[in-house]
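Each chain, letter by letter, is given below.
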2 protein chains.
Amino acid sequence: MNQHNLKHPHKELRALLGKRFSTDDTVRDAHARDASYHQGALPDAVAFPKTNAEVSEILKICAKHKIPIVPYGTGTGVEGAVVATEGALCIALNNMSSVLRVSQDDRDATVQAGVTRFQLNGHLMDLGTQLHFPVDPGADASLGGMVATRASGTSAVRYGTMLDNVLGLTVITADGSIVHTGSRARKSAAGYDLTRLFIGSEGTLGIITEITLKLTRLPEAVAAAVCAFPTVAAAVDTVIKMMDTGINIARIELLDELQMDAVNKHAGLDYEVAPTLFFEFHGSERTVAESSEIAGKIAAAHGSGDFRWATDENDRKRLWQARYDSYYAALNRRPRSVGYVTDVCVPISQLAECIAKTKTLLAKSNLVPSILGHVGDGNFHVVFPLEPNNKDELAEAQQLSHQIVDIALEMDGTCTGEHGVGIGKRKALEKEHGEAVDLMRAIKHALDPLNLMNPGKIFL
Amino acid sequence: MNQHNLKHPHKELRALLGKRFSTDDTVRDAHARDASYHQGALPDAVAFPKTNAEVSEILKICAKHKIPIVPYGTGTGVEGAVVATEGALCIALNNMSSVLRVSQDDRDATVQAGVTRFQLNGHLMDLGTQLHFPVDPGADASLGGMVATRASGTSAVRYGTMLDNVLGLTVITADGSIVHTGSRARKSAAGYDLTRLFIGSEGTLGIITEITLKLTRLPEAVAAAVCAFPTVAAAVDTVIKMMDTGINIARIELLDELQMDAVNKHAGLDYEVAPTLFFEFHGSERTVAESSEIAGKIAAAHGSGDFRWATDENDRKRLWQARYDSYYAALNRRPRSVGYVTDVCVPISQLAECIAKTKTLLAKSNLVPSILGHVGDGNFHVVFPLEPNNKDELAEAQQLSHQIVDIALEMDGTCTGEHGVGIGKRKALEKEHGEAVDLMRAIKHALDPLNLMNPGKIFL
């Protein structure tokens, strides 16, 4: 779409939004890319709506002039879902950042899509509630972005993913309709589950503007520990056994020996350089004590080293900071690198073998990849620190990633546990879902016949 | 559709299925209705496929001849979702009743759609696993039917609904395609969530033939109790407070004083005739003891009577049998009656008021309605025992049901917590979801352009 075509809609958008519509190069550049290796692209303009009505008007203008749109939250995604298509209008949601309501009795809240999870949790603390929103993808992502990518992270083993923690949405569809899905009821059998359809739709079916979220009571007690294992298989078997006992594990993270080495170097720590599990237990004082004791016994039975415990909040934060920083620690293995991250997820019984096969593949690579994973869910990431703009390195990482996806699909797994499809996993999606992708396309076409909603994402 | 039109497809279906295709009156009559007041209707014929390939062939024949189909599980639904449309072929799934695989390590199983939940749980016990499938709608429903209606029941407060317990599906779509959704991975961000779209679609988007389910470890300890309260509000406040403490409640059921009276008379019991909560706690010996103790204190602080405990399995079964039989107990208040059941669900903070307003409405009725509910979820049922074929009584119950739905929708609730839309809640769905129903229709049309998949259900 050339500038001539855009003149008229730009005028309409400016009339609607005033200074909250921008074609400034700096603003466009700030909305050109996500947190990954994916090549950025400048949107033609950026709109900063504040209300559902404004988003609706924007989409009506875009439909009239056939302008593609790309929604933008915090840009913390890693599969290129927010990278602009040629001629696109970026709809930035950071001005839609109000917590609209909180109910202590119902343990739920309604927020605008631009509210980040730290903001919401801070708000809940300020209100004096004992509630929090537990889904934790690491980054301080916007809740709208987390819905759009079906995010999860370290706490999903106990609290579930975005799939499990949303009661309803307000979505503006391609024709500008303002649609409310779900309700504040804890469960409903009222027709098709549009809420779950929009969760993970990556902006391709509509713009999510408001979210009603389930909240969770803050645990009375929390204990965290780190524990080294002789092999990845011993660590995974420990986790399988722990899950089978039904103890209250809130997080179980696996870092391989290379990743532990990176973490030690990055954070000046002295953990053993071995496959390592990071644990966190949530519950009452009694259940946390009980769970920790059982966990210790199971780990020891699988040849683990000693548990390094942290029950004090600061110690715990320091310990988990090492886990949170591990992506950057991995990148630090090569200064000034950009990250390429895989994201397969397999049944936990297959996880040790999947990692073993992956490590065999990686042994032939010069890209110094390391492995970390949400082992309770069977989800792990290989982090490749790549030289920016080095096409050979990128091609090698992509080739390895495809092979890792093949391994996971052989095991009834998925090509993406939590990062989404975006641009990077479109081929893998076809491989994984085959004919089901035709159904997805049919739904996309039914809801967005002009293909203006984040085109080029999810589907090839 | 008249017999002349059907001759040719009947020949094709008989060639495909042999004796597993029937136009016998007795067979048609056995598949004409569900467990509710809804008027039955004879399907033109009944097919009993055994494999995905056979279902696929059936749907291809039906598409070619434009024959509508209605899937049938166990007929234990209550909103008429299995009642045949004029000229329809009923696809009965009871011959697809194999448990295809179980994984102890992954705590999952794949079953054919006709497997019932008792069958699956019996199979898991026979295998010597410590696993069960925890969703409990009361009836021994087929798992396919439970998926199709997004069923839940008494244990949803802890284990969730069908929405939360399915990893993937095999679905045969209107054109006969065999489509696999989801995977065996515990989480996935791979494209649109088709699994959740088919859960609750009531046969209107395709025939669910196989289901991969999450399984749950059997609790180490279980304790059950019954406790009377001075008012419904005191009972609900007790539950809100209990949920807020995060204790391990697996079931919390509310029966009002009329329902308790019915239960006493039906089962020869001597419970106090007052609003009553039935509790069940699951966990380790320690956590169950801890939870029970806290629950007792909270209830007492809300003016409850004493807890009547049952920890022995037989005592517990007897106690809960009273709850399970309460629907029949309610019907027994009028001999030879048929049941009309409402199903609203509201945020729990609104539940006491919603029930109070409902009781005010019901006070004017001569239909002896009683109330029971899954109070932890904010879901309750009014059971009207109606004289069969009495149009005035049905009209009165329907009128009251619409008013109860209005009360619930005012409170951000839903018209159906777990029974589905079927025939009975189609108007209520329009009222609840407004423009969102247009999206549902667009999806329906995209996946079933000839409107052959259970037509006349969900949509007016």
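Up top is the structure.
Residues numbered from 1 in each chain as written. Chains lettered and ligands numbered in written order. Predicted model: local features only at pLDDT ≥ 70, side-chain atom pairs only at ≥ 80, totals over all residues. Heavy atoms only, no water.

A. Structural view of the overall build of chain A. Broken down by element type, chain A carries 16 helices and 18 strands. Here chain A has a C-alpha radius of gyration of 22 Å; the compact-globule value for 460 residues is 23 Å, and the two agree. Scored against the burial criterion, the 460 residues of chain A give a buried share of 62%. Of all intrachain contacts in chain A linking residues separated by at least 6 positions in sequence, the fraction that spans at least 24 positions is 73%. Of the roughly 16700 Å² of accessible surface on chain A, a fraction of 50% belongs to carbon and sulfur atoms. Taken together, the 46 basic and 55 acidic charged side chains of chain A have centroids lying 5 Å from each other. (Helix = DSSP H or I, 4+ residues; strand = E, 2+ residues; numbered from the N terminus. Rg over C-alpha atoms; globule rule 2.2 N^0.38 Å. Buried < 20%, exposed > 50% of the residue type's maximum accessible area, 1.4 Å probe, protein only. Contact = heavy atoms within 4.5 Å. Areas by Shrake-Rupley, 256 points an atom, 1.4 Å probe, with all protein chains shown as cover. Lys, Arg positive; Asp, Glu negative; His and termini not counted. Charge placed at Lys NZ, Arg CZ, Asp CG, Glu CD.)

B. Molecular detail of the sheet that holds strand β5 (residues 99-103) of chain A. Residue and element names in this part refer to chain A. With antiparallel pairing, the five strands of this open sheet are ordered in space as β5-β6-β10-β8-β9. Since the sheet does not close on itself, it has two edges, and those belong to β5 and β9 (178-182), each with one partner. Between one strand axis and the next, the sheet turns by 10° as a mean value, whatever way the strands run. (Pairing = 2+ DSSP bridges. Axes fitted to C-alpha atoms, helices over the stretch in contact; angles between N-to-C directions.)

C. Representation of the relation of the copies chain A and chain B. The operation relating chain A to chain B is a screw motion whose rotation component is 180°, with 0.0 Å of axial translation and a residual RMSD of 0.0 Å. These values place the two chain copies in the arrangement generated by a two-fold rotation axis. Interface residue correspondence from chain A to chain B reaches 100%, placing this contact among same-surface, isologous pairings. (Least-squares fit on C-alpha atoms with pLDDT ≥ 70 in both.)

D. Up close: the sheet that holds strand β6 (residues 108-112) of chain B. All names here are of chain B. Read from one edge to the other, the open sheet built from five strands follows the order β5-β6-β10-β8-β9, with strand pairing classed as antiparallel. In this open sheet, the two strands that pair with only one neighbour each are β5 (99-103) and β9 (178-182). Mean inter-strand twist for the sheet, computed between neighbouring axes without regard to direction, equals 10°. As paired elements, strand β8 (residues 166-172) and strand β10 (residues 207-214) share six bridges and run antiparallel to each other. Following the sheet pairing, I172 is matched in β10 by I207.

E. Molecular detail of the interface of chain A and chain B. Residue-level contacts link 82 residues of chain A with 82 residues of chain B. Both sides of the chain A and chain B interface together cover about 6400 Å² of buried area, and 58% of this is carbon and sulfur. Among the residues chain A hides against chain B, the three largest losses belong to K187(A), A189(A) and Y192(A). Together they make up 15% of the total. Joining chain A to chain B, the criterion identifies eight salt bridges. As a salt-bridge pair, K187(B) and D377(A) come within 3.4 Å of each other at their nearest N and O atoms. Going through the elements one at a time, β9, α7 (194-198), α8 (232-245), α10 (285-301), α13 (348-362), α15 (426-433) and α16 (435-447) of chain A are the ones with two or more residues in the side of chain A that touches chain B. (Buried area = accessible area lost by both parts, 1.4 Å probe. Salt bridge = Lys/Arg side-chain N within 4 Å of Asp/Glu carboxyl O.)

F. Quick look at the nonpolar core. Ranked by size, the top nonpolar core spans 188 residues in total, and within it L120(A), M162(A), I211(A), L120(B) and M162(B) carry the most contacts. Apart from the residues within four sequence positions on either side, L120(A) is in contact with V99(A), V111(A), V115(A), F133(A), L143(A), L213(A) and L215(A). (Core = buried A, V, L, I, M, F, W, Y, C linked by side-chain atoms within 4.5 Å.)

G. The arrangement of the pattern of salt bridges in detail. A full pass over the atoms with the stated rule returns 58 salt bridges over all chains. In this structure, the salt-bridge partner of D406(B) is K431(B), at a minimum N-O distance of 2.8 Å. A residue pair is termed long-range when its members are at least 10 positions apart, and D406(B) in helix α14 (residues 391-410) and K431(B) in helix α15 (residues 426-433) qualify at 25 residues. Within the structure, one salt-bridge network assembled from shared partners comprises R101(A), D106(A), D108(A), R184(A) and D412(B).

H. Layout of α15(B). R426(B), A428(B), L429(B), E432(B) and H433(B) are the residues of α15(B) that are buried. Take α15(B) and look down its axis: the buried residues cluster within an arc of 155°, on one side only. The inward-facing, buried residues of α15(B) contact β9 of chain A together with α14 and α16 (435-447) of chain B. Just downstream of α15(B), G434(B) is the residue with a positive phi angle, here 45°. (Arc of directions from axis to C-beta.)

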